[in-house]
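Breakdown of the fold
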Amino acid sequence: MTNPESSTIVNIGVAMFTVSDQDAALEFYSRVLGFELRDDTRFGPEGEYRWVEVAPPGSTARLALNPPMGGTPGGGSIGVETADVAAEHKRLSALGGVDLDDFMEEVDGVPPMFALRDPDGNSVWVVQA
C-alpha cells in the first residue's frame, strides 16, 4: 500500500560501494563486468574528493565507487540481471582471477544466480532476468 504523501522518492538511482582504490575498482567493474563509466568528477575545495559512477550499458541505475568515510571498504551487495546467467557465469569463469561462486540452478521458483566479489569484498549477485 502506498501513500503518495509519504515520500517523493520514485526510483533507486545510485547504489554505493565503499572501495579502497577507486581506480582499481573502476578497472574491475569495466574489465570484468563490462560496466561503462558514467561519471568521474573531482570536487572539494582543492579537488581532493572524487565521485565515480559506473553502470551496465543501458542501465538507468548506477553504482558509485566511494572511498571509505569513517569505515572500512567492502561489505556491500547489489544484484544485477542478465538474460543468460549460465553464459555470464561461463564468461567470468574463463577470465580467471575472479572471486566467483558456483552457479546455482533454479530452486523452488528462485531464479538461477551466482555471486562474485570485487577486490574489496563487495558482492555482486548475477540473477536471471
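Residues numbered from 1 in each chain as written. Predicted model: local features only at pLDDT ≥ 70, side-chain atom pairs only at ≥ 80, totals over all residues. Heavy atoms only, no water.

Moving on: the overall build of the protein chain. When its secondary structure is counted, the protein chain shows two helices and eight strands. The helix and strand sequence of the protein chain, counted from the amino end, reads β-α-β-β-β-β-α-β-β-β. For the protein chain, the spread of C-alpha atoms along the three principal axes comes to 50 × 45 × 30 Å. Every one of the 129 residues in the protein chain was classed for burial, and the buried ones make up 32%. A fraction of 53% describes how many contacts in the protein chain between residues 6 or more apart in sequence connect residues 24 or more apart. With an accessible surface of roughly 8000 Å², the protein chain has 53% of that area assigned to carbon and sulfur atoms. (Helix = DSSP H or I, 4+ residues; strand = E, 2+ residues; numbered from the N terminus. Buried < 20%, exposed > 50% of the residue type's maximum accessible area, 1.4 Å probe, protein only. Contact = heavy atoms within 4.5 Å. Areas by Shrake-Rupley, 256 points an atom, 1.4 Å probe, with all protein chains shown as cover.)

Before going further, it helps to examine helix 1 (residues 22-31). The periodicity of an α-helix, 3.6 residues per turn, causes residues three or four places apart in sequence to face the same way. Where helix 1 is concerned, the buried positions are Gln22, Ala25, Leu26, Phe28 and Tyr29. All buried residues of helix 1 project into a common sector of 160° when viewed along the axis, lining one side. Its buried side turned inward, helix 1 meets strand 1 (14-18), strand 2 (36-43), strand 3 (49-55), strand 4 (62-66), strand 7 (113-117) and strand 8 (123-128). Its side-chain oxygen at 2.9 Å from the backbone nitrogen of aspartate 23, aspartate 21 defines the N-terminal cap of helix 1. (Arc of directions from axis to C-beta. Polar contact = N/O pair within 3.5 Å; in protein donor to acceptor, adjacent residues only side chain to side chain.)

Turning next to the side chain of arginine 117. With respect to the element layout, arginine 117 can be found in strand 7. Among the residues examined, arginine 117 registers a relative accessible area of 19% and is labelled buried. In this structure the side chain of arginine 117 is engaged in a polar contact, spanning 2.9 Å, whose partner is the side chain of aspartate 99. At 2.7 Å, the side chain of arginine 117 and the side chain of aspartate 101 are in polar contact. In this structure arginine 117 touches Phe28, Asp99, Leu100, Asp101, Asn122 and Ser123, once residues within four positions along its chain are discounted.

A side chain of one charge can pair with a side chain of the opposite charge when the charged atoms of the two come close. Summed over the entire model, instances satisfying the criterion amount to eight salt bridges. Note that arginine 31 and glutamate 27 form a salt bridge whose closest N and O atoms lie 3.4 Å from each other. Highlighted residues: arginine 31 and glutamate 27, both in helix 1, separated by four residues, approximately one helical turn. Across the pair arginine 117 and aspartate 101 runs a salt bridge whose closest N-O atoms are separated by 2.7 Å. Linking arginine 117 in strand 7 with aspartate 101 in the loop between strand 6 (99-100) and strand 7, this pair joins segments that are 16 residues apart in sequence. (Salt bridge = Lys/Arg side-chain N within 4 Å of Asp/Glu carboxyl O.)

This part covers the environment of leucine 26. By the element assignment, leucine 26 lies in helix 1. The spacing of leucine 26 and proline 45 is 19 residues in sequence and 24 Å in space, taken between C-alpha atoms. Look past the residues within four positions of leucine 26 in its chain and what remains in contact with it is Leu37, Arg50, Val52, Val54 and Leu65.

The biggest cluster of nonpolar side chains holds 22 residues, and the ones touching the most others in it are Phe17, Tyr29, Leu33, Leu63, Leu65, Leu116 and Val124. Tallying contributions element by element places helix 1 first for this core, with four residues. Setting aside its immediate chain neighbours within four residues, phenylalanine 17 contacts Tyr29, Leu63, Ala64, Leu65, Asn66, Gly76, Ser77, Ile78, Asp118, Asn122, Ser123 and Val124. (Core = buried A, V, L, I, M, F, W, Y, C linked by side-chain atoms within 4.5 Å.)

All we've got here are geometric facts, nothing functional implied.
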